[in-house]
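So you can see what is in the structure, the chains are spelled out below.
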Amino acid sequence: MTTHNQPVIGKAVNRVDGPLKVTGRARYAAEHMSERNPLIGWPVSSDTAVGEITNIDTTEAERADGVSAVITYKNAGPLKPFSKPADESRFTQSRAVLHEPHIRHFGAPVALVIANTLEQARYAASLVTFTVKGNAPDLLTSFDDAQQKPASLDGGFEPDVTSGDKPHDDDIRSEIESVYTTPSQISAAMEPHATVADFKDGKLEVYCSVQIIASAVEALAITLEMAPEDIVVQSPYVGGGFGSKLGLHYDAILACIGARHVKQPVKVALSRRQVFYNTPHRGHSIQHISLSSNANRELTNITHKSAMPKAKGYEFAEATGAGARVTYKSQYIESTHRVKDVDLPLIDSTRSPGDAIGSLAFESAIDELAHKANIDPLTFRIKNLPVVHPMKGSPFTTHNLGECLRQGAEKFGWQHKPSPSEGKVIGHGVASAMRMNVLVESSADVEINAEGQVIVRSDMTDIGTGTYTILAQIAAEMLSTPVENVIVKLGDSRFPASCGSGGSFGAASTGSAVKKACEALTQKIMATLPGEYKNARLRMEQGEFIVTNAPDNSTASSAKSALLLDVVDKSAFPLSATGSVSQDDTSEKEQYSCGAHFAEVEVDTLTGEVRLLRQYGMFSAGQILNLKTASSQIKGGMVWGAGYALTEGIHHHTDSASFVNPDFGEYHIAVNRDIAEVNLDFLEEPDYAASPVGAKGIGELGITGAGAAIANAIYDACKVRVRDFPITMDKVMLGISDPQQ
């Protein structure tokens, strides 16, 4: 049985969940209500970086109006110690909190107050008194502080790799050695982390804001020492995650501990300041880069060495050197990573893996070398593009970086700059983006019911990226039905387990599972058809599924068509099938999405002010599943890149390991006034070696390289190379006044 495909995949279909969101009917985590209105939990936070609680008094808080309970390490109940078992992943290890008197970082919860209202809980929390015997916090203050080699890097990369032979002096015509630094950063999702938990007859129901459902169930089971089958996790709508919601964090554990203790539903919704301390952030980086090229302007050495902090008890290290390993060919490539255990809140992926901050440094350094070698930075990049993976020598499934650079430059108008006005100069910058693609094990169910509706089910999450819509498009095309006839149900642990959202793997992985489920469903339907429809085709016509045993436009007298519901006994419905994908469904060749970023800036040489005038990108990510949602994701990444380049950074108090600016008043996210024209195009080439739907990841492609293009444009404008991000006015003015800086 075959299907009549409609041209749905790739179209700019409006979000199918849009009406629910704009009318307020899409329930986010904090809006879920159980049969009984939940009590409110409010954390009491530590004002010490690291140490032991020597005394805690909850008496006055317990007497306050509306208070049901105050939970501390003394009465939190059975919990597996934090980060245990050691052989579990960071997303499934225990996330226990309030399980011991030890304080791991500034802002960590020391108690949870549960009351009838938020106001009562917050007031009672102020009545809890405690004493912590603190120690001086361990922090990363210099490159040499980081001596620990991590077991592995995020994404499965080896921490240290080398290839080729170091160049001799005769092989070097131009070289640079530079140190780049990037600050700590926060994901800043629009929806703060929140959880509603309810125990019913020994079963735990959890509504939370999380990107990966299956691992959330495992983490709760391990942390609370429960059976996974007694836990249901739901997260149908997520207001942004960007890595901070890949796993569960303190809000979820506190809500569950609270619900277990008071035997009523409990809601814990973190304030914005609490999000900074009680959810992951990105650690700062120190990146040593040395590059060289020969007389032909061919790269002879790429050495990238990175040092970053790692939160104690949390095994995560970023692959900041990933781009240096794959973007350009070179006679010699070396990439190393070192970390130091520190007394800071959890450090994890933040708005893309290490490619984001690695590209800030590496693509700026490539620009440095191009100028040192007296060659146009765009020409230099194109000249040094690899044909195969630079370190492994293995082929790519597809590799369109050269075309992204060439065609992108033409559309952008590379170096065709307007004449500067007095005191203000214009600059252009370019940077490459390479982002690893991976297919992750995922499953989905697809059903046709007795009314002819198509229903897709998966525990996959939609973090605002358009998952509901693209899965509806895939099912609609595979089953020859309008998108409006497809109902997509996501974010429930009772549905088939998927990869979840994150790492740019969600769309291709779960989309491929839906495609396979549709294929299995059509075969199942075929098996139910009478003999005269044995070779039938399924199509939708005027809202009804039709089966015909002859191709379209056939004039054969034997052609026969009928309503599916007329030739299949209604008792057979609903008909459903499951589809799954894994690494076995993808090629062993190297899989990468790629792109080219271009930026135009105006720098006021009298004040150091930088104004973005234009950002443009050309990207190649296989089959684009929805032009509108894909473009929105890329544009969002480009805006983040601008924030990383110009405004964002968490600042640390070194004595207390607290944050100077844990709020949106002082942590400066790029806003409308900071951003100008943002445009992009896709070089679309379906890559069926990368995934059954031909798509590759795009979620993090937009940010990788975007900030470096801006930094390079600033140098082009005023010849100031700022290597300490973000690039603020004072740093620009220092470079203008002292060119040796």
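Residues numbered from 1 in each chain as written. Predicted model: local features only at pLDDT ≥ 70, side-chain atom pairs only at ≥ 80, totals over all residues. Heavy atoms only, no water.

Engineer: I would appreciate a short explanation of the sheet that holds strand β12 (residues 203-208) in the present structure.
Structural biologist: Backbone hydrogen bonds hold the strands of a sheet together, and the pairing may be parallel or antiparallel. One open sheet accounts for 7 strands, arranged β4-β6-β2-β14-β11-β12-β13; its pairing is mixed. The sheet is open, and its two edges are formed by β4 (67-71) and β13 (231-234), each paired on a single side. Averaged over all neighbouring strand pairs, the angle between strand axes comes to 20°, with direction disregarded. Across 4 bridges, strand β11 (residues 194-200) lies against strand β14 (residues 266-269) in antiparallel orientation. Its bridge partner lying in β14, V196 is registered against K267. Packing against the sheet, helix α3 (residues 118-125) makes contact with β2 (39-45), β4 and β6 (109-115), and its axis sits at approximately 25° to β2. Along the sheet face, helix α5 (residues 250-262) touches β2, β4, β6, β11, β12 and β14 and points at about 30° away from the line of β11. (Pairing = 2+ DSSP bridges. Helix = DSSP H or I, 4+ residues; strand = E, 2+ residues; numbered from the N terminus. Axes fitted to C-alpha atoms, helices over the stretch in contact; angles between N-to-C directions. Contact = heavy atoms within 4.5 Å.)

Engineer: Would you take a moment to explain helix α14 (residues 627-646) for this structure?
Structural biologist: One full turn of an α-helix is made of 3.6 residues, so residues set three or four places apart face in the same direction. The end-to-end C-alpha separation of α14 is 29 Å, in line with the 28 Å expected for 20 residues at 1.5 Å each. If you check the start of α14, you find a side-chain oxygen 2.9 Å away from the backbone N of K628, and it comes from N626. (Expected span 1.5 Å × (residues − 1). Polar contact = N/O pair within 3.5 Å; in protein donor to acceptor, adjacent residues only side chain to side chain.)

Engineer: What is the right way to look at the pattern of salt bridges in this model?
Structural biologist: Oppositely charged side chains can form a pair if their charged atoms are brought close together. Counted by the stated rule, this structure contains 34 salt bridges. The salt bridge involving D355 is made with R435; its shortest N-O contact spans 3.6 Å. Placement of D355 in helix α8 (residues 355-372) and of R435 in strand β19 (residues 424-436) is noted, with a sequence separation of 80 residues between them. A relative accessible area of 5% places R435 in the buried class. Note that D367 is salt-bridged to R721, the shortest N-O span being 3.4 Å. One end of the pair, D367, is in helix α8; the other, R721, is in the loop between α15 (706-718) and α16 (729-737), with 354 residues separating them in the sequence. We note that D367, like R721, is buried. Where salt bridges share partners, they join E363, D367, R381 and R721 into one cluster. (Salt bridge = Lys/Arg side-chain N within 4 Å of Asp/Glu carboxyl O. Buried < 20%, exposed > 50% of the residue type's maximum accessible area, 1.4 Å probe, protein only.)

Engineer: Looking at this model, I keep getting lost on the sheet that holds strand β5 (residues 102-103). Mind explaining?
Structural biologist: Spatial strand order, β5-β3-β7: 3 strands in an open sheet with antiparallel pairing. For this open sheet the edge positions go to β5 and β7 (129-134), each flanked by a neighbour on one side alone. As paired elements, strand β3 (residues 51-57) and β7 share 6 bridges and run antiparallel to each other. Residue G51 lies in a different strand from β7, and its bridge partner there is G134.

Engineer: Just to check I follow, could you spell out the pairing of strand β23 (residues 537-541) for this structure?
Structural biologist: With respect to burial, β23 is a largely interior element, 4 of its 5 residues being buried. Sheet topology note: the β23/strand β24 (residues 544-548) ladder contains 5 bridges and is antiparallel. Bridged to M540 within β24 is F545.

Engineer: How should the packing of α14 against α15 be read in this particular structure?
Structural biologist: For the pair α14 and α15, the least separation of the axes is 7 Å and the interaxial angle reads 50°. As summarised for this structure, α14 and α15 are arranged oblique, according to the angle between their axes. When you trace α14 past α15, the crossing you get is right-handed. Along the contact surface, α14 presents G637, M638, G641, A642, A645 and L646, while α15 presents A706, G707, I710 and I714. Broken down by class, the residue content of the contact of α14 with α15 amounts to 7 nonpolar, 3 polar and no charged. (Parallel < 35°, antiparallel > 145°, perpendicular 65-115°, else oblique. Left-handed = near helix turned anticlockwise from the far one by under 90°. Nonpolar A, V, L, I, M, F, W, Y, C, P; charged D, E, K, R; others polar.)

Engineer: Sorry if this is basic, but what is going on with the environment of S89 here?
Structural biologist: Assignment of secondary structure puts S89 in the loop between β4 and β5. When its relative accessible area of 38% is taken as the criterion, S89 is described as partly exposed. A C-alpha to C-alpha distance of 28 Å links S89 and I71, two positions 18 residues apart in sequence.

Engineer: Hey, could you run me through unusual backbone geometry in this one?
Structural biologist: Trans is the prevailing form of peptide bonds, just as negative phi is the prevailing case for residues other than glycine. In this model, K84 is joined to P85 through a cis peptide bond whose omega is -10°. One can find P85 in the loop between β4 and β5. For the peptide bond that leads from F573 to P574, omega is 0°, which places it in the cis range. Here P574 is to be found in the loop between α13 (564-567) and β26 (575-581).

Engineer: Is there a simple way to explain a negative patch on the surface in this structure?
Structural biologist: The grouping of D169, D170, E175 and E177 at the surface amounts to a negative patch. Checked against the element boundaries, E175 lands in strand β9 (residues 174-182). (Patch = residues over 30% accessible without salt bridge, like charges linked within 9 Å, V, L, I, M, F, W, Y side chains within 5 Å. Areas by Shrake-Rupley, 256 points an atom, 1.4 Å probe, with all protein chains shown as cover. Lys, Arg positive; Asp, Glu negative; His and termini not counted. Charge placed at Lys NZ, Arg CZ, Asp CG, Glu CD.)

Engineer: Looking at this structure, how should I read the packing of aromatic side chains?
Structural biologist: Centre distance and the angle of the planes are the two values used to describe a pair of aromatic rings. Inspection of every chain in the model, using the stated rule, returns 13 aromatic pairs. Ring centres of F106 and Y277 lie 5.3 Å apart, and the angle between their planes is 50°; this geometry places the pair in the tilted category. In this pair, F106 is assigned in the loop between β5 and β6 and Y277 in helix α6 (residues 272-278), connecting sequence segments 171 residues apart. Accessibility expressed as a relative area gives 17% for F106, which makes it buried. For Y277, a relative accessible area of 9% corresponds to the buried category. Following the ring pairs from residue to residue traces out a cluster consisting of F412, W414, F598 and Y616. The side chain of K719 reaches across the aromatic face of Y715, ending 5.7 Å from its centre. Here the basic side chain of R721 rests over the ring of Y715, its NZ or CZ set 4.2 Å away from the ring centre. (Phe/Tyr/Trp six-rings, centres within 6.5 Å; stacked < 30°, edge-to-face > 60°. Lys NZ or Arg CZ within 6 Å of the ring centre and 35° of its normal.)

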